[in-house]
Amino acid sequence: FHSAVVKPQPKSTSPNSKSGNLRRGKWTVEEEAYVARVIQDFNSGYLNAPPGTTLRTYLSDKLNCDPMRITKKFTGDACIGKRVFHPAVRCSNNAALIDK
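In this text, all values refer to a predicted model and were calculated from it rather than measured experimentally.

**Here's the deal with the overall build of the protein**
Helices and strands together make up the secondary structure of the protein, namely 4 helices and 0 strands. Reading the secondary structure of the protein in the N-to-C direction produces α-α-α-α. Within the protein, the fraction of its 100 residues that count as buried is 30%. Taking all contacts inside the protein whose residues are at least 6 apart in sequence as the whole, residues at least 24 apart take part in 65%. Here the protein has roughly 7500 Å² of accessible surface; of this, 55% comes from carbon and sulfur atoms.

Okay, structure coming up:
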């Protein structure tokens, strides 16, 4: 007689979670470096993201974490909650930067 052990799967209410395992807790050095670059490209309009995407949503998707983790990290002067992406207009001066 074998008894099957069934582990309950975590429930996810976040649309960002594909596997149900959202990243939590302390930020790694790599995450902080990645976010710094994404913010730079976001502000320049160089991301491959649809117009109107919020920085908070973009980062939570890319980092596989709850958007509240982004909000908690960036408060006060560093607040990024409502910033919206506007793509740069492609021209010869910025084409190489956009394609990076």
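Past the structure itself, the notes keep going.
**Points about the nonpolar core**
Val 35, Leu 47, Leu 55, Leu 59, Ile 70 and Phe 74 are the most contacted members of the largest nonpolar core, which has 16 residues in total. Counting only elements with at least two residues in this core, the list comes to helix H1 (29-44) and helix H2 (55-62). Considering each element in turn, this core owes the most residues, 4 residues, to H1. Once residues within four sequence positions are removed from consideration, Phe 74 is found in contact with Trp 27, Val 35, Ile 39, Cys 79 and Ile 80.

**Overview of the side chain of Thr 53**
Considering the arrangement of structural elements, one finds Thr 53 in the loop between H1 and H2. Within the structure, the side chain of Thr 53 is placed 2.7 Å from the backbone oxygen of Pro 50, a separation counted as a polar contact. When neighbours within four sequence positions are excluded, Thr 53 is seen to be in contact with Phe 42, Tyr 58, Arg 83, Val 84 and Phe 85.

Conventions we followed
- Residues numbered from 1 in each chain as written.
- Predicted model: local features only at pLDDT ≥ 70, side-chain atom pairs only at ≥ 80, totals over all residues.
- Heavy atoms only, no water.
- Helix = DSSP H or I, 4+ residues; strand = E, 2+ residues; numbered from the N terminus.
- Buried < 20%, exposed > 50% of the residue type's maximum accessible area, 1.4 Å probe, protein only.
- Contact = heavy atoms within 4.5 Å.
- Areas by Shrake-Rupley, 256 points an atom, 1.4 Å probe, with all protein chains shown as cover.
- Core = buried A, V, L, I, M, F, W, Y, C linked by side-chain atoms within 4.5 Å.
- Polar contact = N/O pair within 3.5 Å; in protein donor to acceptor, adjacent residues only side chain to side chain.

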